[in-house]
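Structural description and commentary
Each chain, letter by letter, is given below.
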Amino acid sequence: MKKKTKVIHGGITGDDRTGAVSVPVYQVSTYKQQKAGQHSGYEYSRTGNPTRAALETMIAELEGGHSGFAFGSGMAAITAVMLLFDRGDHILFTDDVYGGTYRLASKVLQRIGIEATFVDTSDPEKVEAAIQPNTKAIFIETPTNPLLKITDLQRVSQISVQNHLLFIVDNTFYTPYFQNPIQLGADLVLHSATKYIGGHSDVVGGLVVAANKELGEKLHFIQNSTGGILGPQDSWLLLRGIKTLGLRMEAHEKNAEKIAAYLIDHPQVKQVYYPGLATHTGHELAKTQSSGFGGMISFEIDEEKVDSFLSKLTFFVVAESLGAVESLISVPSRMTHASIPIERRLELGITEGLIRISAGIEDSSDLLEDLDQAFKAIG
Ligand SMILES: *Cc1c(COP(=O)(O)O)cnc(C)c1O
């Protein structure tokens with residue numbers, strides 16, 4: 001089955017009892033048992049819910065993994081994965097990892113004795129050099145946020161195997177439509193489903209896919225024990241979003257390519273980061289491990305002009321988040337990455353003049369005209 005078919009016909013489709021074509025919202029907490037202790041597979045909705053199960057089956061199939069798990073947010077999903085580790089363990093993270101993941105690692109996990117080191121995972125030698133005797137996992141994002149650096153999935157997978165580490169990939173930016181890390185050796189893939197998977201700026205959710213049964217069982221145990229599950233209504237909304245994932249990702253990418261091409265030629269733009277540009281450092285690698293370059297672009301302008309530029313735009317909503325049908329624009333240093341100390345931000349290249357665009361699916365000519373009039377207005 002091709003991906004565009006799988007998003008429609010994969011997982012659990014419809015409802016056998018009524019013939020309903022869409023999986024119903026099972027808005028229910030408990031289930032009648034035939035006899036005490038004998039149930040139909042569902043006993044209590046924290047443990048399992050049919051609408052959530054349909055979503056979990058779908059994401060597992062899309063990522064080519066063993067089993068899927070849905071959580072109340074991307075951060076709840078990442079936290080559940082982190083609970084696979086123990087006090088004294090050490091985890092390597094991509095250096096410009098999502099700000100919330102950085103905060104979790106540096107402010108929460110550290111407090112309970114799980115250590116973290118942040119390295120530029122786009123350089124495999126740096127990854128190898130950062131491994132300690134107590135390292136248990138490598139957690140990466142590719143592309144990264146907001147600089148869109150690309151990490152070699154197969155190479156990091158080899159390093160993980162050689163050192164007996166779990167290889168965890170946050171696949172939020174490319175989604176299973178463009179990139180399948182499990183096929184390249186990842187053990188766990190996770191998503192902020194709030195972004196492209198949902199796609200409409202109306203749900204907060206997180207997903208995890210385990211590559212094998214053993215990890216799947218451990219994660220189900222953690223999900224059921226800690227309880228950060230996604231509710232049935234939001235699970236249904238994500239299932240609905242997934243049906244158009246293929247169409248949306250292609251539309252996001254087309255618009256992003258046009259915006260990147262426009263920005264790179266613009267005299268007021270100092271730097272453009274988009275993996276689809278032949279000049280991007282990770283371009284060749286991205287071509288070998290993903291089937292698209294995605295809808296995220298970052299670029300740099302004069303920092304004094306950032307506010308007036310944003311205020312002139314009509315179709316780019318100034319907002320956190322990404323991956324929605326409407327184009328969104330943000331200033332990482334003041335928004336998504338504000339929790340990262342300034343010295344670290346500058347080290348990473350997240351300057352005050354850096355702007356991030358999440359290309360929506362509007363008509364590209366409206367988006368380009370909008371950017372153009374805003375640049376003209378700030379002269
Ligand atoms: C947004 C995001 C998260 C966190 O997800 P929430 O749904 O906001 O909790 C994690 N990783 C990446 C790459 C993200 O963009």
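Cut-offs and rules
Residues numbered from 1 in each chain as written. Predicted model: local features only at pLDDT ≥ 70, side-chain atom pairs only at ≥ 80, totals over all residues. Heavy atoms only, no water. Helix = DSSP H or I, 4+ residues; strand = E, 2+ residues; numbered from the N terminus. Buried < 20%, exposed > 50% of the residue type's maximum accessible area, 1.4 Å probe, protein only. Contact = heavy atoms within 4.5 Å. Areas by Shrake-Rupley, 256 points an atom, 1.4 Å probe, with all protein chains shown as cover. Lys, Arg positive; Asp, Glu negative; His and termini not counted. Charge placed at Lys NZ, Arg CZ, Asp CG, Glu CD. 1 Å grid on protein atoms, 1.4 Å probe; cavity = no way out; pocket = protein on both sides within 12 Å on 5 of 7 lines; lining within 4 Å. Points joined across faces, edges and corners; volume = space filled by probe spheres on them. Core = buried A, V, L, I, M, F, W, Y, C linked by side-chain atoms within 4.5 Å. Domains from an automatic or database assignment. Salt bridge = Lys/Arg side-chain N within 4 Å of Asp/Glu carboxyl O. Pairing = 2+ DSSP bridges. Near = heavy atom within 4 Å. Polar contact = N/O pair within 3.5 Å; in protein donor to acceptor, adjacent residues only side chain to side chain. Buried area = accessible area lost by both parts, 1.4 Å probe. Nonpolar A, V, L, I, M, F, W, Y, C, P; charged D, E, K, R; others polar.

The next subject is the overall build of the chain. Of regular secondary structure, the chain possesses 14 helices and 12 strands. On the principal axes, the C-alpha backbone points of the chain span a range of 75 × 50 × 35 Å. Residue burial in the chain is summarised as follows: out of 379 residues, 54% are buried. Long-range contacts, defined as pairs at least 24 residues apart, comprise 72% of the intrachain contacts of the chain with a sequence gap of at least 6. Surface exposure of the chain reaches about 16000 Å², of which carbon and sulfur atoms provide 52%. Of the charged side chains in the chain, 34 are positive and 44 negative; the average position of the first set lies 6 Å away from that of the second.

Of the volumes computed, that of the largest pocket is approximately 310 Å³. Gly-74, Met-75, Tyr-98, Ser-192 and Lys-195 are, among the 23 residues lining the largest pocket, the residues nearest its centre. Elements supplying a minimum of two residues to the lining of the largest pocket: helix 3 (74-82) and strand 6 (188-192).

So, about the nonpolar core. Membership of the largest hydrophobic core comes to 79 residues, with the highest contact counts inside it found for Ile-138, Ile-259, Leu-263, Phe-299, Phe-309 and Phe-375. With seven residues, the top contributor of residues to this core is helix 10 (residues 245-264). Viewed by domain, this core spans two of them, domain 1 (3-243) and domain 2 (246-378), each represented by three or more residues. The residues touching Ile-138, leaving out its near neighbours within four places in the chain, are Leu-92, Val-127, Val-156, Ile-159, Ser-160, Leu-165, Leu-166, Phe-167 and Ile-168.

The subject of this paragraph is the pattern of salt bridges. Applying the stated rule across the entire model yields 12 salt bridges. The partner of Arg-52 in a salt bridge is Glu-56, and the shortest N-O contact between them spans 3.1 Å. Here the residue Arg-52 and the residue Glu-56 both occupy positions in helix 2 (residues 50-63), the gap between them amounting to four residues, near one helical turn. Residue class for Arg-52 comes out buried when judged on its relative accessible area of 1%. Assessed through its relative accessible area of 11%, Glu-56 is described here as buried. Among the ionic pairs, Glu-352 bridges to Arg-345, the shortest N-O distance being 3.7 Å.

Residue placement: Ala-286 occurs in helix 11 (residues 283-289). Residue class for Ala-286 comes out buried when judged on its relative accessible area of 0%. Placed 107 residues apart in sequence, Ala-286 and Gln-179 show a C-alpha to C-alpha distance of 9.6 Å. Once you skip the residues sitting within four places of it in the chain, Ala-286 turns out to touch Ile-150 and Phe-293.

On to the sheet that holds strand 10 (residues 317-318). Spatially, five strands are ordered 8-9-12-11-10 in an open sheet, and the strand pairing comes out mixed. Each edge of the open sheet is held by one strand with a lone partner, namely strand 8 (271-273) and strand 10.

Close contacts around the ligand come from 14 residues, with Met-75, Asp-170, Ser-192, Thr-194 and Lys-195 the closest. One of the backbone nitrogen or oxygen atoms of Met-75 is found 2.9 Å away from an oxygen atom of the ligand. Within the contact set of the ligand, an oxygen atom lies 2.6 Å away from a side-chain nitrogen or oxygen of Thr-194. With three residues, helix 3 is the single largest residue contributor to the shell around the ligand.

Time to look at the domain arrangement of the chain. Interfaces are frequently sized by the accessible area removed from exposure as the parts join. On domain assignment, one finds that the chain holds domain 1 (3-243) and domain 2 (246-378). Look at where the C-alpha atoms of domain 1 and domain 2 centre, and you get two points 26 Å apart. Across the boundary between the two partners, domain 1 contributes 35 residues, which contact 43 residues of domain 2. Between domain 1 and domain 2 the total buried area reaches about 3300 Å² when both faces are included, carbon and sulfur atoms providing 60% of it. The largest contributions to the domain 1 side of the interface with domain 2 come from Leu-147, Phe-178 and Tyr-196, which together make up 25% of the buried area. Joining domain 1 to domain 2, the criterion identifies one salt bridge. For Lys-4, the salt bridge goes to Glu-250, with nearest N and O atoms at 3.1 Å. Along the contact surface separating domain 1 from domain 2 lie 17 residue pairs in polar contact (both at pLDDT 80 or more). Of all the elements in the fold, those that place two or more residues in the side of domain 1 that touches domain 2 are helix 4 (99-109), helix 7 (175-178) and helix 9 (232-243). Of the residues contributing to the side of domain 1 that touches domain 2, the split by class is 17 nonpolar, 12 polar and six charged.

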